[in-house]
Amino acid sequence: MAEQRERTFIMVKPDGVQRGLVGEIIQRFEKKGFKLVALKFTWPSEELLQNHYSDLASRPFFPGLVKYMSSGPVVPMVWEGLNVVKTGRQMLGATNPADSLPGTIRGDLCIQVGRNIIHGSDSVESANKEIGLWFTEKEVVGWTPAAENWVYE
Ligand code: IDP
Ligand code: MG
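Quick notes on the rules
- Residues numbered from 1 in each chain as written.
- Chains lettered and ligands numbered in written order.
- Predicted model: local features only at pLDDT ≥ 70, side-chain atom pairs only at ≥ 80, totals over all residues.
- Heavy atoms only, no water.
- UniProt positions renumbered as here; feature names shortened; annotations may be inferred.
- Near = heavy atom within 4 Å.
- Polar contact = N/O pair within 3.5 Å; in protein donor to acceptor, adjacent residues only side chain to side chain.
- Areas by Shrake-Rupley, 256 points an atom, 1.4 Å probe, with all protein chains shown as cover.
- 1 Å grid on protein atoms, 1.4 Å probe; cavity = no way out; pocket = protein on both sides within 12 Å on 5 of 7 lines; lining within 4 Å.
- Sits in = over half its atoms within 2 Å of the grid points.
- Nonpolar A, V, L, I, M, F, W, Y, C, P; charged D, E, K, R; others polar.

The chain is annotated in an unreviewed UniProt entry as Nucleoside diphosphate kinase of Bicyclus anynana. Entered under Sequence similarities (unreviewed entry) in the UniProt record, the comment concerning the chain runs "Belongs to the NDK family." Here is the UniProt Cofactor (unreviewed entry) comment for the chain, exactly as written: "Mg(2+)".

As structure tokens, this is what we get:
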């Protein structure tokens, strides 16, 4: 079904990698029932991050954001499933961890907005832009999990 093939771009930021939270974050999306279709470990360039965050270029925190995000390796991923963009954002919690509810990734695992450990696309359009920026078409892998009929009715 087409609606089960919605995709979102999720990325463990450098602080999430440095703090050893990659496994915990992947586990939350796996346990939920979403399907991993792409993943890599990479140290991104400032140029890629300026492009990724181009909507925020005029914001005062933009230079610090690019510096933070390019300070070490990150784990970009693509997850697929029904309403995965919106549900993924709910799983992340509010941008500022001071406002993120307990139970969300940011609510449980971080404290400050400038070290909020994870990125998630805010719309299907952003997801498509971000997936295209971080992955080639070949790197996004279509497959059918054995448990699919136990996740979807
Ligand atoms: P989002 O990551 O929840 O989509 P955006 O508003 O798109 O939030 O901001 C992108 C990222 O920029 C945030 O996740 C955070 O790392 C950083 N950021 C946003 N607002 C601030 C701020 O006021 N100070 C420092 N960093 C910020
Ligand atoms: Mg955003």
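From this point, the discussion proceeds with the structure in view.
Draft legend 1. Here's a closer look at the site of ligand 1. Inspection of the region around ligand 1 gives Lys13, Tyr53, Leu56, Phe61, Leu65, Arg89, Thr95, Arg106, Val113 and Asn116 as its neighbouring residues. In the model, an oxygen atom of ligand 1 is placed 2.9 Å from a nitrogen or oxygen of the lysine 13 side chain. At 2.4 Å from an oxygen atom of ligand 1 is found a side-chain nitrogen or oxygen belonging to threonine 95. Starting from 530 Å² of accessible surface for ligand 1 in isolation, the protein chains cover 73%. Assessed atom by atom at 2 Å from the grid points, ligand 1 resides in the largest pocket. Looking at side-chain class alone, the shell around ligand 1 contains five nonpolar, two polar and three charged residues.

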